[in-house]
Amino acid sequence: MSTITESESLFRISHEIKNTLAVVKGYVSLFDGSVEKYNKYMPFVKDNLNHSIALLEDFSNIGKLKIELDIMDINCLLDDVVNNYRNILSTSGIEIKYQQNKDEIYVNGDYKRLKELFINIIKNAKEALTGVKKPYISIKTKIVNDKVIISFKDNGCGIEEKDLLKVGEPFFTTKKDGTGLGVYLSKEIINAHNGKMIYESTPNNGTIVYVELDLLNLF
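The text that follows walks through the structure, step by step, so that each part is easy to find. Every chain's residues receive numbers from 1 upward, in the order its sequence appears when written. Per-residue local features are limited, in this predicted model, to residues with pLDDT of at least 70; the limit for side-chain atom pairs, both in listing and counting, is 80 or more; totals at the level of whole chains, interfaces and linings are taken over all residues. For the side-chain quantities, the full set of heavy atoms in the structure was used; hydrogens and water were omitted.

**Quick look at the sheet that holds strand E9 (residues 207-214)**
The pairing of strands in a sheet comes from backbone hydrogen bonds and takes either a parallel or an antiparallel form. Which entries qualify depends on this criterion: Only when DSSP finds a minimum of two bridges between them are two strands counted as paired. Numbering goes from the N terminus for both helices and strands, where a helix is a DSSP run of H or I of at least four residues and a strand is a run of E of at least two. Only C-alpha atoms enter the line fits that serve as axes; for helices the fit covers just the stretch in contact. Angles between N-to-C directions range over 0 to 180 degrees.
In spatial order, the strands read E3-E5-E6-E9-E8; together these 5 strands make up an open sheet with mixed pairing. Taken across any chain shown, the strands that pair with only one partner, and hence form the sheet edges, are strand E3 (95-98) and strand E8 (196-201). Looking at each pair of strands side by side, their axes are set apart by 15 degrees on average, direction ignored. Both E3 and strand E5 (residues 136-144) contribute to a ladder of 4 bridges, which runs parallel. Note that in E5 the partner of isoleucine 96 across the bridge is isoleucine 137.

In structure tokens:
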């Protein structure tokens, strides 16, 4: 893992956006005028474009992310995230294990920002699963006292203990083409929700990311 300068990070962000737009171009090239293909690929086009826009916005707003809190259902958010990424993970041979918690789970949160947080965790897990036999990502929720804890577990390459201590530092990354901003911005999001994000990892034995939020009791 290595610390990178702001100028290097800007270059890597530009590189990531270029790659994202290339993916968009690839999907658009598959359109043949049929409603079926439009409906199939347009969600991925929109998602990648939104990711590029969000990345640019976040880079220019480090330290001053806007959070708009409102009553929201964690189950609905997780359903949204899983439904969006199930096909993407499937094409990489990755199984996503998720069963909605039957309890109603409400928090005071920013739906858009928490969605960005969960997507970033899943994307990092996906990258850690390269070359793994029978790769999977397991997502679970549980309620402990007045907290809801969402766990994201993968059976990927894991993180060295010395590097685990530095996860979340700005411009700090294990990825060859990483920006060092993803986890840092994720921690800004979770801090703005007065929550916690905890990493547990063992090299070659996977990683678990716990996201803890205050439970909102509406009844």
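That shown, we press on.
**Remarks on helix H4 (residues 111-128)**
Spelled out, the test is: Expected span of a helix: the number of residues minus one, times 1.5 Å. Exposed residues in this analysis have more than 50% of their type's maximum accessible area, buried residues have under 20%, and partly exposed residues fall in between, with area computed by a 1.4 Å probe over protein chains only.
The first and last C-alpha atoms of H4 sit 26 Å apart over 18 residues, in line with the 26 Å expected at 1.5 Å per residue. By the criterion of burial, H4 is predominantly enclosed, with 13 of the 18 residues buried.

**As for unusual backbone geometry**
Residues other than glycine seldom take positive phi values, yet asparagine 145 does so here, at roughly 55 degrees. Among the structural elements, asparagine 145 can be located in the loop between E5 and strand E6 (147-154). Look at asparagine 145 and you get exposed, because its relative accessible area is 74%.

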